[in-house]
Every structure is written in structure tokens, then in C-alpha cells.
Amino acid sequence: MELKLDAKLMKAVNGLMLFAIAIIYMATSITKLVPQLAEKDASTIGWLPGLFLLFGACALCYGWFIDGKKDCVLATRAGFYVMLAIAFFANKAVACDSLFLMMWAMMEGALLLLDGFKAKEAKANLWEALVGFGALVIVLAFIALLVINETYYVNKMIDAAKADKEIDTIKMTFEGVVFLFVALGNIFPMCADYLPKCELKLKK
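Read on for an overview of the structure. Note that the structure is a prediction, hence the values are computed from the model and not measured.

Side note on the environment of F181
Working step 1: Mapped onto the elements, F181 comes out in helix α7 (residues 160–192).
Working step 2: Taking the C-alpha atoms as reference, F181 lies 9.6 Å from G15; in sequence the two are 166 residues apart.
Working step 3: With near-sequence residues (within four places) excluded, F181 lies in contact with L112, F133, L136, V137 and L140.

Some words on empty space enclosed by the protein
Working step 1: According to the stated counting rule, one finds two cavities of 30 Å³ or more in the structure shown.
Working step 2: Mapped onto the lining of the largest cavity, the elements with two or more residues apiece are α5 (98–121) and α7.
Working step 3: With three residues, α7 is the single largest residue contributor to the lining of the largest cavity.
Working step 4: Partitioned by chemical class, the residues of the lining of the largest cavity number three nonpolar, two polar and two charged.
Working step 5: Size it by volume and the second largest cavity reaches roughly 30 Å³.
Working step 6: Every residue along the wall of the second largest cavity is listed here: K11, D71, V73, L74, R77, L111 and D115.
Working step 7: Contributing elements (two or more residues each) for the lining of the second largest cavity: α4 (72–90) and α5.

What to know about the packing of helix α3 (residues 48–66) against α4
Working step 1: Packing of α3 against α4 leaves a shortest axis separation of 8 Å and a crossing angle of 160 degrees. When the interaxial angle is binned, α3 and α4 end up roughly antiparallel. In the crossing of α3 with α4, the sense of the turn from one axis to the other is left-handed. Contacts between α3 and α4 involve P49, G50, L51, L53, L54, G56, A57, L60, C61, G63 and W64 from the former and C72, L74, A75, R77, A78, Y81, V82, L84, A85, F88 and F89 from the latter.
Working step 2: Residues that form the contact of α3 with α4 fall into these classes: 18 nonpolar, three polar and one charged.

About the cut-offs
- Residues numbered from 1 in each chain as written.
- Predicted model: local features only at pLDDT ≥ 70, side-chain atom pairs only at ≥ 80, totals over all residues.
- Heavy atoms only, no water.
- Helix = DSSP H or I, 4+ residues; strand = E, 2+ residues; numbered from the N terminus.
- Contact = heavy atoms within 4.5 Å.
- 1 Å grid on protein atoms, 1.4 Å probe; cavity = no way out; pocket = protein on both sides within 12 Å on 5 of 7 lines; lining within 4 Å.
- Points joined across faces, edges and corners; volume = space filled by probe spheres on them.
- Nonpolar A, V, L, I, M, F, W, Y, C, P; charged D, E, K, R; others polar.
- Axes fitted to C-alpha atoms, helices over the stretch in contact; angles between N-to-C directions.
- Parallel < 35°, antiparallel > 145°, perpendicular 65-115°, else oblique.
- Left-handed = near helix turned anticlockwise from the far one by under 90°.

The structure is reproduced here in C-alpha cells:
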């Protein structure tokens, strides 16, 4: 197997960085990410999502450069990731804000859909899966915005002390799952080149 250094590979590297962020959200409680919620003298890892975002931004920027500076979406995403990383470093609570994270996930899902339709025009292998990843991310993020937030506020009114930590941790796990699919959508185009060629045909 030969790996070609191109924009597609750099998108896959960015996908690995997003995968790492998803794992952090899925495996870590909110008190480990936000210093204000941590116990006294407890160590926090709220800087990790920002660090992985910076690595992802570097990968996207390099991919844009390798691509001959043609794809402005890569450069725009890289710039957005840098600003987002700075926000994460400056205020750790931003990295755990459900509304902000799910709006970001919806944007990533829309970009996956766009990449999927571009892959269809280029007759790329398994472009349908890329479209599926994008649609799934948008649907899950929308569910998170409507259902998870509503459940959070209902539980908070019933038992505020319990809701503050337990419900926040559940929300973060769900948000981690959403970003897991975002990561897989970024990695998949690279893997599709090494999978058997197949086409989806509708029976008339």
C-alpha cells in the first residue's frame, strides 16, 4: 500500500485529531475539562481539545498548500480551527458548551455532505458512505440540540446538584459520539481508495 501525500491524506490526519477529541469527550467527565468545576488541586485536561485542533489546523493548512492553494475550504477550516483552539485555551468552558459544539458539528456534517456530492461528480469510490456520514452527523447534532438540552434543564429543575455533573457528563458522551462520526467521515475518503470498487444502482 502506497500513501500519496495529498489533501485527502491531510484530511484523514485531521480526522484522526477529531477522533482524539471525540474520545476525550466520551471518556472524560466535565470536571476534568473545566477547571472551575474541578475539585481543589485536581488536574484538568481542558487544554487537550485545543491542542488537537491546532494539529488538525496544521494538517488542513498543509493539505491546502499541497493542493496548490485551490481548495479555499481547507484554508477556511484551518483558520476556523485556530480561532477555535484559541477560544478553548482561553476559556475551557467553551469546549463543553453543547450549543456551540453541536452547531460546529452541523457545520462539519454539511461539509461532509458537500465532499460527498463532489466525490459523486468525480465518480469516486463509495461516495454514498461520505454522504451518509454527513447526514448522520447533522441528524445526531440536531437531536442533541433538541432532546439532550431539554432533558438537561428538566432534570436540573428537579435535582440541580445531581444534574450539574451527571447530566453534563451524559451530554458530553453523546457529543463525543457525534464527533466520532465527523472524524470517521474525514478519514473514510482515504480508506475508500483501498476498498473494492462498488457502485450503488437503483432498480427501475
